[in-house]
Amino acid sequence: MSRSKTAYVCQECSTQYVRWQGQCNSCKQWETIVQEELETKAKKAWDRNEHATKSSKPIKIDQIDLRKRPRIITQNKEFDRVIGGGLVPGSMVLIGGEPGIGKSTLLLQISLDAEEVVLYISGEESVEQIKLRADRIGGNKKNCYVLAETKLESIFEHINRLSPGLVVVDSIQTLVSARVDSIASSITQIRTCTSELLEFSKKTLIPVVLIGHITKEGQLAGPKVLEHMVDTVLLFEGDQNYSHRLLRTQKNRFGPTSEIGIYQMHSNGLTEVENPSRLLISQKDSHSSGYAIGVTVEGIRPLLIEVQALVSTAVYGTPQRSSTGFNSKRLNMLLAILEKRVGFSLGTKDVFINITGGIKVEEPAIDLAVVMAVLSSYYDLTIPQSTCFGAEIGLSGEIRAVPKIEIRIKEAQKRGYKEFVMSKHNESVEEIHDIKLYQSERIEKVIQHFFRP
Ligand code: TYD
Ligand code: MG
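Since the structure is predicted, the reported quantities are computational estimates derived from the model, not experimental observations. (Residues numbered from 1 in each chain as written. Chains lettered and ligands numbered in written order. Predicted model: local features only at pLDDT ≥ 70, side-chain atom pairs only at ≥ 80, totals over all residues. Heavy atoms only, no water.)

**Student:** So what's going on with helix α9 (residues 328–342)? Which residues, and what values?
**Tutor:** Taking 1.5 Å of rise per residue, 15 residues should cover 21 Å, and α9 covers 20 Å from first to last C-alpha, within 8% of that figure. The complete set of buried residues in α9 reads L331, L334, L335, I337 and L338. Taken around the axis of α9, the buried residues stretch over an arc of 155°, which confines them to a single face. Residues K329 and K340 are exposed on α9 and point more than 90 degrees away from its buried face. In this structure, the buried residues of α9 make contact with β15 (321–324), β16 (349–355), α10 (367–379), β18 (392–393) and α12 (443–451). At the N-terminal end of α9, a side-chain oxygen is found 2.8 Å from the backbone nitrogen of K329, two or three residues along, and the residue is N327. (Helix = DSSP H or I, 4+ residues; strand = E, 2+ residues; numbered from the N terminus. Expected span 1.5 Å × (residues − 1). Buried < 20%, exposed > 50% of the residue type's maximum accessible area, 1.4 Å probe, protein only. Arc of directions from axis to C-beta. Contact = heavy atoms within 4.5 Å. Polar contact = N/O pair within 3.5 Å; in protein donor to acceptor, adjacent residues only side chain to side chain.)

**Student:** Can you explain the site of ligand 1? Please cite residues and give values.
**Tutor:** The local shell around ligand 1 holds 15 residues, among which G100, S104, T105, H266 and G269 are the closest. In the model, an oxygen atom of ligand 1 is placed 2.7 Å from a nitrogen or oxygen of the G100 main chain. Contact distances for ligand 1 include 2.6 Å between an oxygen atom and a side-chain N or O atom of S104. About the coverage of ligand 1: the protein hides 74% of its 560 Å² of free accessible area. Those elements that place two or more of their residues in the shell around ligand 1 are α3 (103–113), α4 (127–137) and β11 (260–266). Its residues placed into classes, the shell around ligand 1 shows three nonpolar, eight polar and four charged. (Near = heavy atom within 4 Å. Areas by Shrake-Rupley, 256 points an atom, 1.4 Å probe, with all protein chains shown as cover. Nonpolar A, V, L, I, M, F, W, Y, C, P; charged D, E, K, R; others polar.)

**Student:** A description of the sheet that holds strand β1 (residues 6–10) should follow, citing residues and the corresponding values.
**Tutor:** Backbone hydrogen bonds hold the strands of a sheet together, and the pairing may be parallel or antiparallel. Pairing is antiparallel across the open sheet formed by three strands, whose spatial order is β2-β1-β3. At either end of the open sheet lies a strand with only one pairing partner, and these are β2 (16–17) and β3 (33–37). Pairing geometry for β1 and β2, over two bridges, is antiparallel. Bridge pairing links Y8 to Y17 in β2. (Pairing = 2+ DSSP bridges.)

**Student:** If you had to explain empty space enclosed by the protein to someone new, which residues and values would you point to?
**Tutor:** Under the defined criterion, the tally for this structure stands at one cavity of 30 Å³ or more. Within this model, the largest cavity holds a volume of roughly 40 Å³. Lining of the largest cavity is provided by R71, I83, G86, L87, V88, S91, V93, T232, N252 and F254. A class-by-class count of the residues in the lining of the largest cavity yields five nonpolar, four polar and one charged. (1 Å grid on protein atoms, 1.4 Å probe; cavity = no way out; pocket = protein on both sides within 12 Å on 5 of 7 lines; lining within 4 Å. Points joined across faces, edges and corners; volume = space filled by probe spheres on them.)

**Student:** Quick rundown of the pairing of strand β7 (residues 166–170)? Include the residues and the values.
**Tutor:** Counting buried residues along β7, five of its five residues qualify, which places the element largely inside the surrounding structure. Along β7, one buried face is formed by L166, V168 and D170 and the opposite face, lined by V167 and V169, is buried too. With helix α6 (residues 187–204) bridging β7 and the parallel strand β8 (residues 208–212), this β-α-β connection has right-handed handedness. (Right-handed = clockwise from strand over helix to strand, strands pointing away.)

Given below as structure tokens:
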């Protein structure tokens, strides 16, 4: 009788220890080490067998023929574009997102419309529940098989029998492998199931899409190595209060990571959004202060966004700062610049910032729009509705150039904006019609131009 071995494993970085200890030597995190069952002798036998049958051989790189294995194009254009032009054979994609955001809906929709046979495995819903959802979504349904199962061994059996062109697993946290003793969704189970699926996918060249849960902090649940193991990590995001959803790449071995796909959730599933800018700008007709339009670029895709600001007199000692969709540290920095460079006493004011539509913007290119919205509210003066801003602001109050300026200007022009405010340091842009460019190098000058305080 051989005992199965146990080890103490750090849940953050997977470092193993013989004894328990409070802090991990390698990642320096506290209280992250827990006792885990290591893989049993079944694993060793499997490994030996694996070794014997392996018949790989080196091949000259220019002799590898890619045409034999083209990417698998799903009927979902946004999804295909975000992952870099279709699924690569033998690749593994992990898609994470908050509960209820629409991960299952998206993947089921892709499965229902697929041109090749898809096996949609769910450990969370029964086949009847999946059918109910499928009926709401529609789709051609001709190639989609569903399986409600959590045991990995049995899943492999079914895959071998069906030999699908794509496998979807909803979700990786529900799978259990008999090779390890831990319960479903433990670190060891997630790691083992993923590596077995990975092995399978590389061997058969069938792409596997995994749905993953995320923790309260917004990280993918499970060991950090999960993200290292898979080829592509996608995040499905959005605000539950709004109907649009964003599909972003966090990691992609086979394509760019800056692409973003935009969907809208309807009663009959998700639709792809052609004109996201219109979705994100609030339909206000009255002309009020505290609004500025900025333009951000995600991948190659420009997005017009609306920044709303409210500046009011602070009632209590410490003024409040609140920002939704924009980094609050960056907001504080911008306010400090305004205080220092243009002498605003924002220290006695509450400042609230909101990016409409519930989207998050990381790009510094909307700095100027944020600052202008704040000042517009502060002076209670409106900014012309036909003006759009696209520049970063430096610590000394300089207006800095931003990349892909041409895409930004063109988007503004296409949406009917008449004036674009940008840095003097951005190269002059050719072939721009019907939109006036206002270029400046100092924040003071822009303020003078719009508000003449
Ligand atoms: P779901 O795909 O189950 O989310 P996840 O798998 O990420 O947890 O999506 C559930 C939400 O989507 C739920 O609130 C209902 C909504 N929904 C629609 O609005 N329309 C639809 O056609 C479907 C299928 C779901
Ligand atoms: Mg789900």
